[in-house]
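If you want the building blocks of each chain, they are given just below.
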Amino acid sequence: MPGTPPLLLLPSRFVQVTYRANLDDFLCVARMAAGRLVHPTGQAWQLDGCKSDRLYLRLLYGELADQLGLVPYLDEEFDLIVNASTVTIGIHTRLATTAALFDQFIGHLDHLLPRSTP
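Cut-offs applied
- Residues numbered from 1 in each chain as written.
- Predicted model: local features only at pLDDT ≥ 70, side-chain atom pairs only at ≥ 80, totals over all residues.
- Heavy atoms only, no water.
- Phe/Tyr/Trp six-rings, centres within 6.5 Å; stacked < 30°, edge-to-face > 60°.
- Helix = DSSP H or I, 4+ residues; strand = E, 2+ residues; numbered from the N terminus.
- Lys NZ or Arg CZ within 6 Å of the ring centre and 35° of its normal.
- Core = buried A, V, L, I, M, F, W, Y, C linked by side-chain atoms within 4.5 Å.
- Buried < 20%, exposed > 50% of the residue type's maximum accessible area, 1.4 Å probe, protein only.
- Contact = heavy atoms within 4.5 Å.
- Polar contact = N/O pair within 3.5 Å; in protein donor to acceptor, adjacent residues only side chain to side chain.

1. Some points on the packing of aromatic side chains
Part 1 of the reasoning: Under the counting rule described, the total for this entry stands at three aromatic pairs.
Part 2 of the reasoning: Ring geometry for Phe78 and Phe102: centres 5.1 Å apart, planes at 75 degrees, overall edge-to-face. Placement of the pair is Phe78 in strand 4 (residues 73–82) and Phe102 in helix 3 (residues 96–112), with a sequence separation of 24 residues.
Part 3 of the reasoning: Put simply, the rings of Phe78, Phe102 and Phe105 pair up and form one aromatic cluster.
Part 4 of the reasoning: The ring of Tyr73 carries the charged tip of Arg58 above its face, separated from the ring centre by 3.9 Å.

2. Comments concerning the nonpolar core
Part 1 of the reasoning: Within the largest apolar cluster, 29 residues are counted, with the highest numbers of intra-cluster contacts made by Phe26, Leu55, Leu57, Phe78, Ile89, Phe105 and Leu109.
Part 2 of the reasoning: At the level of secondary structure, the elements contributing two or more residues to this core comprise strand 1 (9–20), helix 1 (23–35), strand 2 (45–51), strand 3 (54–60), strand 4, strand 5 (86–95) and helix 3.
Part 3 of the reasoning: Discounting chain neighbours no more than four positions away, the residues touching Leu57 are Ala34, Leu37, Trp45, Gln46, Leu47, Asp48, Leu74, Asp75, Glu76, Phe78, Leu101 and Phe105.

3. Some thoughts on the side chain of Thr93
Part 1 of the reasoning: Note that Thr93 resides in strand 5.
Part 2 of the reasoning: Residue classification places Thr93 among the buried positions, given a relative accessible area of 11%.
Part 3 of the reasoning: At a separation of 3.0 Å, a polar atom in the side chain of Thr93 contacts the main-chain amide nitrogen of Leu95.
Part 4 of the reasoning: Setting aside chain neighbours within four positions, we find Thr93 in contact with Pro11, Ser12, Arg13, Thr98 and Ala99.

Written out as structure tokens, the structure reads:
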């Protein structure tokens, strides 16, 4: 697409972080953490749900998307491993933007939930 900057690819990055929380508590905190992630457009990310092995975040562009002719949202997904008393969230990516978003998200989660130690 003309005018679209190329994606910045990094060496493959695999990161997992485990928190001491059940799934309900983790999702409550994840919803708060997602709302603290702000895109350069000024829009905040939202927790869009989860499946047994995935956590979904969504960024709604709204009117900005209409003005720019873009898809009205952007999705990101992270790996999820759920146990009775812990939740592990992770990524395996080569995209710098996904890695940066994950790092920011984990930074917010770290202020709200205790990490599980091995």
